[in-house]
Amino acid sequence: GAGVSQSPRYKVAKRGQDVALRCDPISGHVSLFWYQQALGQGPEFLTYFQNEAQLDKSGLPSDRFFAERPEGSVSTLKIQRTQQEDSAVYLCASSKRPKNEKLFFGSGTQLSVL
Amino acid sequence: SQQGEEDPQALSIQEGENATMNCSYKTSINNLQWYRQNSGRGLVHLILIRSNEREKHSGRLRVTLDTSKKSSSLLITASRAADTASYFCATASENAGGTSYGKLTFGQGTILTVHP
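Predicted model, so just to flag it, every value in this text is computed and none were measured.

**Let's talk about the pairing of strand β11 (residues 110-115) of chain B**
All names here are of chain B.
Now for step 1: Burial along β11 is one-sided: the face carrying Thr110, Leu112 and Val114 is buried and the face carrying Ile111, Thr113 and His115 is not.
Now for step 2: Pairing between strand β2 (residues 10-14) and β11: 5 bridges, direction parallel. Bridge pairing links Ala10 to Ile111 in β11.

**Quick word on the sheet that holds strand β7 (residues 65-68) of chain A**
Residue and element names in this part refer to chain A.
Now for step 1: Sheet architecture is open: 4 strands sit in the order β1-β3-β8-β7, paired in antiparallel fashion. The sheet is open, and its two edges are formed by β1 (5-7) and β7, each paired on a single side. Going across the sheet, the axis of each strand differs from the next one's by a mean of 15 degrees, ignoring polarity.
Now for step 2: With 3 bridges joining them, β1 and strand β3 (residues 19-24) adopt antiparallel strand pairing. By the bridge assignment, Ser7 is partnered in β3 with Arg22.

**Here's the deal with the pattern of salt bridges**
Now for step 1: Using the criterion set out here, one finds 8 salt bridges over all chains in the structure.
Now for step 2: For A:Asp56, the salt bridge identified is with B:Lys103, shortest N-O distance 4.0 Å. In this pair, A:Asp56 sits in strand β6 (residues 53-56) while B:Lys103 sits in the loop between β9 (85-92) and β10 (104-106), so the two residues belong to two different chains.
Now for step 3: A:Asp56 gets classed as buried once you look at its relative accessible area, which sits at 13%.
Now for step 4: You can call B:Lys103 partly exposed: its relative accessible area is 25%.
Now for step 5: When the shortest N-O distance is used, the salt bridge between B:Lys56 and B:Glu53 registers 3.9 Å.

**Observations concerning the state of the cysteines**
Now for step 1: Overall, the coordinates contain 2 disulfides over all chains when judged by the stated rule.
Now for step 2: A:Cys23 shares a disulfide with A:Cys92; S-S distance 1.9 Å. Residues A:Cys23 and A:Cys92 share a disulfide whose torsion about the S-S bond is about -65 degrees; that sign makes it left-handed. Residue A:Cys23 is located in strand β3, and its partner A:Cys92 is located in strand β9 (residues 88-95); the two are separated by 69 residues in the primary sequence.
Now for step 3: For A:Cys23, a relative accessible area of 0% translates into the label buried.
Now for step 4: Here B:Cys23 connects covalently by a disulfide to B:Cys89, the sulfurs 2.0 Å from one another.

Reading guide: rules and limits
Residues numbered from 1 in each chain as written. Chains lettered and ligands numbered in written order. Predicted model: local features only at pLDDT ≥ 70, side-chain atom pairs only at ≥ 80, totals over all residues. Heavy atoms only, no water. Buried < 20%, exposed > 50% of the residue type's maximum accessible area, 1.4 Å probe, protein only. Helix = DSSP H or I, 4+ residues; strand = E, 2+ residues; numbered from the N terminus. Pairing = 2+ DSSP bridges. Axes fitted to C-alpha atoms, helices over the stretch in contact; angles between N-to-C directions. Salt bridge = Lys/Arg side-chain N within 4 Å of Asp/Glu carboxyl O. Disulfide = S-S within 2.5 Å.

Spatial relationships are all this shows, so hold off on functional conclusions.
Shown next as structure tokens:
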């Protein structure tokens, strides 16, 4: 596609529910990142994929967070047993190569946990 | 955790004026980037400056980098109402072993409001 696509755009979950957030990166982009952005803050790194390999998951806040990219394209971020503190915008970004260069961001999924 | 701080947190100016935002960071970097975020949208890349560069221009944007002070500034000249957005600096550091895959660490952002 023309850009990074994320779905759903908005997600409301009851505390304790599991959620799955989808990211469709730009076709052919090797690198894929997930970021979490709390209200009024800058994005914080969650995890990084190079093709299908998850090379860095140091930013995942707990073992309730899980991400995958099984075929090296679409990625899913799953949050189990959601808590109120998980409420945030989840941003996906991709780049063409695993080098220092600009990232292309999706519009994000705004997650609200009630 | 956030890499550093941006200053000011909020900036309000009139159309046609220049806007200057500053960013400080803590660790050695490979490059520093600036992004813009309109309300409710994703981030859009504006400009990238490498650690061996001191100044870079792109249209109405001018970025400076001072690695000795671990700081950068973004200047937007002749601002327009459409420039109203949040602006973030982001740094890419070298991983241990000298490799890097482009992980960015963002600042807290500056909210710019340009009044018509």
